[in-house]
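Single-letter residue listing:
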Amino acid sequence: MSSRNETLFARAQQSIPGGVNSPVRAFRAVGGTPCFFERAEGAYLWDADRRRYIDYVGSWGPMIVGHTHPAVVKAVQDAAGRALSFGAPTEAEVELAELVRRLVPSLELVRLVSSGTEATMTAIRLARGFTGRSAIVKFEGCYHGHADSLLVKAGSGALTFGNPSSAGVPAQTAAQTIVLDYNNIDQVRKLFATRGAQIAAVIVEPVVGNMNLVLPAPGFLESLREECTRHGTVLILDEVMTGFRVALGGAQAHYRIRPDLTTLGKVIGGGMPVGAVGGRREIMEELAPLGPVYQAGTLSGNPVAVAAGLATLKLVQAPDFQARIEATTKQLVEGLAAEARQAGVAFCAQSIGSMFGLYFRAAPPASFAEVMECDRERFNRFFHAMLKKGVYLAPSAYEAGFVSAAHGKTEIDATLAAAREAFKE
Ligand code: HOZ
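Regarding the overall build of the chain
(1) Moving on: The number of helices and strands found in the chain is 15 helices and 14 strands.
(2) Moving on: In summary, the chain has a C-alpha radius of gyration of 21 Å against a globular reference of 22 Å for 425 residues, a match within 12%.
(3) Moving on: In terms of its C-alpha atoms, the chain occupies a principal-axis envelope of roughly 60 × 55 × 50 Å.
(4) Moving on: Within the chain, buried positions represent 57% of all 425 residues.
(5) Moving on: Summarising the internal contacts of the chain: among those between residues at least 6 apart in sequence, 73% fall at separations of at least 24.

What to know about the site of the ligand
(1) Moving on: Around the ligand, the neighbouring residues are Ser22, Val24, Trp60, Ser156, Asn210, Met241, Lys266 and Glu399.
(2) Moving on: Residue Ser22 places a side-chain N or O atom 2.5 Å away from an oxygen atom belonging to the ligand.
(3) Moving on: The contact in question runs from a nitrogen atom of the ligand to an N or O atom on the side chain of Lys266, over 3.3 Å.
(4) Moving on: Protein chains shield 85% of the accessible area of the ligand, which is 280 Å² for the free molecule.
(5) Moving on: Of the residues in the shell around the ligand, the class split is three nonpolar, three polar and two charged.

Observations concerning helix α14 (residues 376–388)
(1) Moving on: Taking 1.5 Å of rise per residue, 13 residues should cover 18 Å, and α14 covers 18 Å from first to last C-alpha, within 8% of that figure.
(2) Moving on: Packing partners of the buried residues in α14 comprise β3 (52–55), β12 (355–359), β13 (391–392) and α15 (409–422).
(3) Moving on: By the N-cap criterion, in which a side-chain oxygen at the helix start approaches the backbone nitrogen of a residue two or three places on, α14 is capped by Asp375, the distance to Glu377 being 3.2 Å.
(4) Moving on: With its phi angle positive at about 85°, Gly390 sits one or two positions after the end of α14.

Quick look at unusual backbone geometry
(1) Moving on: Here the bond from Ala288 into Pro289 is cis, since omega is 10°, no more than 30 degrees from zero.
(2) Moving on: Along the chain, the position of Pro289 falls in the loop between α10 (281–284) and α11 (303–315).
(3) Moving on: The residue Ser59 is not glycine, and still its phi comes out positive at about 60°.
(4) Moving on: Along the polypeptide, Ser59 turns up in the loop between β3 and α2 (70–82).
(5) Moving on: A residue is classified by how much of its surface remains accessible, and Ser59, at 42% relative accessible area, is partly exposed.
(6) Moving on: Of note in this structure, Lys153 is not a glycine but carries a positive phi near 45°.

What counts, and at which threshold
Residues numbered from 1 in each chain as written. Predicted model: local features only at pLDDT ≥ 70, side-chain atom pairs only at ≥ 80, totals over all residues. Heavy atoms only, no water. Helix = DSSP H or I, 4+ residues; strand = E, 2+ residues; numbered from the N terminus. Rg over C-alpha atoms; globule rule 2.2 N^0.38 Å. Buried < 20%, exposed > 50% of the residue type's maximum accessible area, 1.4 Å probe, protein only. Contact = heavy atoms within 4.5 Å. Near = heavy atom within 4 Å. Polar contact = N/O pair within 3.5 Å; in protein donor to acceptor, adjacent residues only side chain to side chain. Areas by Shrake-Rupley, 256 points an atom, 1.4 Å probe, with all protein chains shown as cover. Nonpolar A, V, L, I, M, F, W, Y, C, P; charged D, E, K, R; others polar. Expected span 1.5 Å × (residues − 1).

Structure (structure tokens):
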């Protein structure tokens, strides 16, 4: 007899391409049937077959305070009771913008949008409008949402499903995107020495979370800052994943890099659709209605979504919030590495803030090429063994994992016990 997950998946495929509304959910890389979830609370998810999982996906990042946190749910309910949407300004969106500016001071002005993709797309357009240049630089394996100019040698689902440069992107558009190797400072310097004056923007995940987790090499982000400053190029830090998570002030606070523009998503909406682009006042003033760079959205600054974001950002400022979640994440990765050693499996793990990477390889990868050396088949086996034991990891070897404040000793111990068995399979 098929499970409810299987029945729902078969039904979904009749009406939705691939049965999913975002490709990374499809389990195609790991095989099997995606879980259809019904409920979530704290660190746990329940699927359509009433099975419970410890969640390390966290809706791909937003759920930093844990699922259905009472303060967030109440804020959403209260806001929804007042209005679902105005398509007009509200005090709450001003409050959110002020809070974001205070937590991430490089954002002198901030525009709220509805997703990370909208944020990065707007940042690129702004950089081009501000500089009057067309070319942009991104790094192989970094994913910045699904706008045309950024779907070139991208990570996340694009990489997972073998289409890192998407079909449907005009060649002329892709030609304006120069792709370099993440952490390769020499390549960046060489490019800027010959073409610096043509480059509108460098966009980078300061910590990559879309080709598994890759940390910046010492000096890499600093070199980007120097080259961009020297050549009048806009440095965009894509903090959709790292914002409020690698540190309260994001990866830019952790690494002490002041970008020209920053993109935010995920945690800023606390599980509801909110993104943001912000940065230097003179660049942000190019945006309509002040300047000639157009951007808009019927649901931008939506009152219900903003309420979830505000409530979440209030919680993440609590004293020790970041330190506690970081310590939990460290316990997880150290424990997993110890279990793998015991089992004699070539595996390592690392974390920064509450993001983590798991690698079936002796040492953490520092480049896209090294990520490609990880044993994908071994990851797939581990994924399914963990899933069977009630631990939900991202269904791809190319995604970072996320821990929430609701994860504690009970969940870490249970995860390590599951891994002890899973490493043997
Ligand atoms: N950035 C997320 C995964 N890396 C997005 C989730 C999705 O693509 O559905």
